[in-house]
Amino acid sequence: MEEAIKKADVLIEALPYIKKFYRKIVVVKYGGSILGDEKIRKSVLEDIVFLKFVGLSPVLVHGGGPNISERMRQEGRKTEFVDGMRVTDAATLKAVEEELEELNNIIVKEIEELGANAIGLNGKDKDIIQVEKKKAKIDLGLVGHITGINNSSILEEIKKDKIVVVLPMGKGIDKRAYNVNADEAASNIAVSLGAEKLILLTNVRGIMRNSDDPHSFLSTLTEKEAKGLIENNIIQEGMIPKVKACFASLDNGVKKAHIIDARLPHALLLEIFTNQGIGTEIVR
């Protein structure tokens, strides 16, 4: 009986959040090594389906970096990164798209097995993700910088009561396909949809002032604090584009942004529906 009462207490704690976020759009970015872990993926997708069934409209944007890198390794080709972006020639772009499409199909299938309706969308189709060739200190090849989002296809599927799963590729005005950073794609899609939240799933607890000190975890991070942590090399490498994506979304109308650890079972639900939350909330 006590266990049942505890479960009821959890539901009551979630009630005001369910009411507050009812029919609101939440954009979730999911990628990296945690995407390939079946146990973690099941927990994440269960959370996304739960969000759908309690009245939210989740949109999932996924990456696939480790899968792509493994494919390149198997083909005997080297992967080169500049500022976190994969240098992409025509052969690499083909591998990127094929791996992303395979992952997209897996995610859609597993969501549907959990009882929800889902559809996969390729960002390069129907001009969903519009890009121009990204400028950098060296030529990145077929890597795109997002210039616009055509959200009509996404909104159409949301109205059909589907969970939309977007793979991050874009199309340029030159009609060529481009590789796109998944964090940047999720941020821009969240802005275009007027999302209530942008949530980036990672394989770390969140932002730490000192990676060796668990007590240095930051439950809230401002833009000013983030810039200082980047300048002091505390926020490094792959976390930098995530933090920048969060601030870009907040600067353009998204209400809240979060970076949370997907390895924690049902991290999405804990972050959205509990008073304390479990990740780093990014604020302006």
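Coordinates for the structure precede this section.
Residues numbered from 1 in each chain as written. Predicted model: local features only at pLDDT ≥ 70, side-chain atom pairs only at ≥ 80, totals over all residues. Heavy atoms only, no water.

Check the secondary structure of the chain and you find ten helices and 16 strands. In terms of overall dimensions, the chain is globule-like: its C-alpha atoms have a radius of gyration of 19 Å, near the 19 Å expected for 284 residues. Counting only C-alpha atoms and orienting by the principal axes, one finds that the chain spans roughly 60 × 45 × 35 Å. Every one of the 284 residues in the chain was classed for burial, and the buried ones make up 49%. Taking the intrachain contacts of the chain between residues at least 6 apart in sequence as the baseline, contacts between residues at least 24 apart amount to 72%. With an accessible surface of roughly 14300 Å², the chain has 51% of that area assigned to carbon and sulfur atoms. Distance from the positive charge centre (41 side chains) to the negative charge centre (42 side chains) of the chain: 3 Å. (Helix = DSSP H or I, 4+ residues; strand = E, 2+ residues; numbered from the N terminus. Rg over C-alpha atoms; globule rule 2.2 N^0.38 Å. Buried < 20%, exposed > 50% of the residue type's maximum accessible area, 1.4 Å probe, protein only. Contact = heavy atoms within 4.5 Å. Areas by Shrake-Rupley, 256 points an atom, 1.4 Å probe, with all protein chains shown as cover. Lys, Arg positive; Asp, Glu negative; His and termini not counted. Charge placed at Lys NZ, Arg CZ, Asp CG, Glu CD.)

The subject of this paragraph is the side chain of asparagine 122. Within the element layout of this structure, asparagine 122 appears in strand β5 (residues 118-122). Note on asparagine 122: relative accessible area 8%, which makes it buried. Setting aside chain neighbours within four positions, we find asparagine 122 in contact with Glu97, Glu101, Ile128, Leu167 and Met169.

This part is about the sheet that holds strand β15 (residues 256-261). Think of a sheet as strands paired side by side through backbone hydrogen bonds, with each pair either parallel or antiparallel. With mixed pairing, the eight strands of this open sheet are ordered in space as β5-β8-β2-β1-β11-β15-β16-β14. In this open sheet, the two strands that pair with only one neighbour each are β5 and β14 (220-222). Recorded for the sheet is a direction-independent mean angle of 20° between the axes of neighbouring strands. For strand β1 (residues 25-30) and strand β11 (residues 197-202), the ladder comprises four bridges, and the chain directions are parallel. Bridging from a neighbouring strand, lysine 29 pairs with leucine 200 of β11. Lying over the sheet, helix α8 (residues 223-231) contacts β14 and β16 (280-283), oriented at roughly 85° with respect to β14. (Pairing = 2+ DSSP bridges. Axes fitted to C-alpha atoms, helices over the stretch in contact; angles between N-to-C directions.)

This paragraph deals with the pattern of salt bridges. Summed over the entire model, instances satisfying the criterion amount to 21 salt bridges. Note that arginine 71 is salt-bridged to glutamate 75, the shortest N-O span being 2.6 Å. Since its relative accessible area comes to 17%, arginine 71 is described here as buried. In this structure, lysine 242 engages aspartate 183 in a salt bridge whose closest nitrogen and oxygen atoms are separated by 3.3 Å. Of this pair, lysine 242 sits in helix α9 (residues 239-251) while aspartate 183 sits in helix α7 (residues 182-193), and the two are 59 residues apart along the sequence. Comparing lysine 242 with aspartate 183 shows no difference in burial state: the two are buried. A single salt-bridge network, built from bridges that share partners, covers Arg71, Glu75, Arg77, Lys94, Glu98 and Glu99. (Salt bridge = Lys/Arg side-chain N within 4 Å of Asp/Glu carboxyl O.)

Here we take up the environment of isoleucine 240. Considering the arrangement of structural elements, one finds isoleucine 240 in helix α9. Between the alpha carbons of isoleucine 240 and alanine 177 there is a distance of 25 Å; along the sequence they are 63 residues apart. Other than its neighbours up to four places away in sequence, isoleucine 240 contacts Ile230 and Ile235.

Here we come to the sheet that holds strand β10 (residues 177-179). Taking strand neighbours across the sheet as the criterion, the four strands line up as β7-β6-β9-β10 in an open arrangement whose pairing is mixed. In the strand order of this sheet, the two ends are held by β7 (144-149) and β10, each with one partner. Neighbouring strand axes in the sheet, compared pairwise and without regard to direction, differ in orientation by 50° on average. Pairing between strand β9 (residues 169-172) and β10: three bridges, direction antiparallel. Note that in β10 the partner of methionine 169 across the bridge is asparagine 179. Across the sheet, α7 lies against β6 (129-133) and β7, angled at about 10° from β7, the strand it touches most.

With the rule as written, the count across this model stands at one aromatic pair. Seen from their ring centres, phenylalanine 50 and phenylalanine 273 are 6.1 Å apart, and the 65° between their planes marks the pair as edge-to-face. Of this pair, phenylalanine 50 sits in helix α3 (residues 38-53) while phenylalanine 273 is found in helix α10 (residues 267-273), placing the two residues 223 residues apart along the sequence. The ring of phenylalanine 217 has arginine 205 sitting right over it, with the charged end atom 3.9 Å from the ring centre. (Phe/Tyr/Trp six-rings, centres within 6.5 Å; stacked < 30°, edge-to-face > 60°. Lys NZ or Arg CZ within 6 Å of the ring centre and 35° of its normal.)

For β1, the buried fraction is high: six of the six residues fall into the buried class. Judged by which residues are buried, β1 turns out to be covered on both faces: Ile25, Val27 and Lys29 on one side and Val26, Val28 and Tyr30 on the other are all buried.

As a further point, take the nonpolar core. If you look at the biggest cluster of nonpolar residues, it comprises 48 residues, and the most contacted ones within it are Val27, Val59, Ile129, Ile154, Ile189 and Ile207. Not counting chain neighbours up to four residues away, the residues in contact with isoleucine 129 comprise Gly123, Ile146, Gly148, Ile149, Leu167, Pro168, Met169, Gly170, Lys171, Val180, Ala185 and Ile189. Judged by nonpolar contacts, the second largest core, of 33 residues, contains Phe21, Leu45, Ala116 and Val165. (Core = buried A, V, L, I, M, F, W, Y, C linked by side-chain atoms within 4.5 Å.)

Function-wise, these values are silent; they only describe arrangement.
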